[in-house]
Amino acid sequence: MLITQFQAHHLLTRNEVIGVPTETVYGLAGNAFSETAVAKIFEAKNRPTFDPLIVHVASHEMLSEVVSHVPEEYLELMQHFWPGPLTLLFQKSTEIPDLVTSGLPKVAVRWPAHPEFQALLQSLPFPLAAPSANPFGYISPTSAQHVMDQLGDKIGGVLEGGECEVGVESTIVDVENGEFKVLRLGGIAVEDIERVIGKKVAVQTSSSQPAAPGMLDQHYAPKTKLWWGDIQEGLKLFEGKKIAVLSFMASEGDYFNQPLSARGSLTEAAAHLFKYMRQLDGQGWEVIIAEPLPNIGLGRAINDRLLRASIK
Ligand code: AMP
Ligand code: MG
């Protein structure tokens, strides 16, 4: 059910959970100070409680209630990229329940840019914990309809906010002893972060013991088998199967092709990624062959998602 700002506000104050639009992907939001609301988020998504949630704020005052202090190293990043698709890790305040951070001492925080989501946050006396609004492990939702299709019967409703402009999740950055680390590739390119802080950052996005379960190896996956690699190689490997090719730009050949961006824009490709994966997943193909994109800018985040969506 689609709901209004007024209904969204009302449901959240009663510790219900709802779908919300953000510029990255749709979120499943609840009162970040309420263990009851946060537990409902995990339950609706069927998300393991070892996978911590991102807390969303829309003012410095709200930020100060969520974190124990703001490291000086973050100030330039906050100034450049907030509001926007950048998530930063902070020591958490005592107001944040351990369930939000899966018991970790740090909390992930983001100041989102989507106007409807900002308006909602600003109307509330508490921040919102919100992971992506998909069943755990499946493709993230980039429209209100995606959320309704998959979680509609488990949540209070969805606030409509159009299609997500960025289309992939936020970039997650941590700082420890002055050293920056990217824990998840996302909507802000690593190159842009490096430009702002004036030094290289380490990218540490894969782990068998995830500090950040966006780091889990298998994630964001369609039900259809997805193979990530060179198109010609994939066509040989799966000869005789019903194949769809998810390419960067239009690709010529005797097969069904869905380009992510006909004009070769990585930004557009990111915005289309999850929508097209979902569409292909519903069309009855036996295999989706997804081609690697140029590994620069948002291409890195897209490759990361495709790799995690793929069979090993
Ligand atoms: P989602 O919003 O579904 O993309 O999931 C939020 C992601 O943020 C998690 O899967 C983690 O990767 C990351 N995250 C949230 N909180 C923390 C934290 N305290 N430390 C490290 N990573 C975190
Ligand atoms: Mg997610």
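The rules behind the values
Residues numbered from 1 in each chain as written. Chains lettered and ligands numbered in written order. Predicted model: local features only at pLDDT ≥ 70, side-chain atom pairs only at ≥ 80, totals over all residues. Heavy atoms only, no water. Pairing = 2+ DSSP bridges. Helix = DSSP H or I, 4+ residues; strand = E, 2+ residues; numbered from the N terminus. Axes fitted to C-alpha atoms, helices over the stretch in contact; angles between N-to-C directions. Contact = heavy atoms within 4.5 Å. Buried < 20%, exposed > 50% of the residue type's maximum accessible area, 1.4 Å probe, protein only. Arc of directions from axis to C-beta. Polar contact = N/O pair within 3.5 Å; in protein donor to acceptor, adjacent residues only side chain to side chain.

**So, the sheet that holds strand S14 (residues 256–259)**
- Strand order across the open sheet formed by 4 strands is S12-S15-S13-S14, with parallel pairing between neighbours. Whereas interior strands pair on both sides, the edge strands pair on one side only; in this sheet they are strand S12 (225–228) and S14. When strand polarity is set aside, the average angle formed by the axes of neighbouring strands in this sheet is 25 degrees.
- Sheet topology note: the S12/strand S15 (residues 287–290) ladder contains 4 bridges and is parallel. Within S15, the position partnered with Leu-226 by the bridge is Ile-288.
- Where helix H10 (residues 266–281) meets the sheet, it contacts S12, strand S13 (243–247), S14 and S15, and its direction lies at approximately 160 degrees from that of S14.
- On the sheet, helix H11 (residues 298–309) packs against S12, S13 and S15 and is oriented at approximately 130 degrees with respect to S12.

**A short note on helix H7 (residues 144–151)**
- All buried positions along H7 are accounted for by Ala-144, His-146, Val-147, Gln-150 and Leu-151. On an axial view of H7, the arc spanned by its buried residues comes to 160 degrees, and they lie on one face.
- In this fold, the buried residues of H7 make contact with strand S1 (2–3), strand S2 (18–20), strand S3 (27–31), helix H2 (35–45), strand S8 (158–159) and H10.

**A closer look at the side chain of Gln-118**
- For Gln-118, the location among the structural elements is in helix H6 (residues 115–123).
- We classify Gln-118 as buried; its relative accessible area is 17%.
- Of note is the side chain of Gln-118, whose polar atom sits 2.8 Å from the backbone oxygen of Pro-112.
- Look past the residues within four positions of Gln-118 in its chain and what remains in contact with it is Ala-58, Pro-83, Trp-111, Pro-112 and Ala-113.

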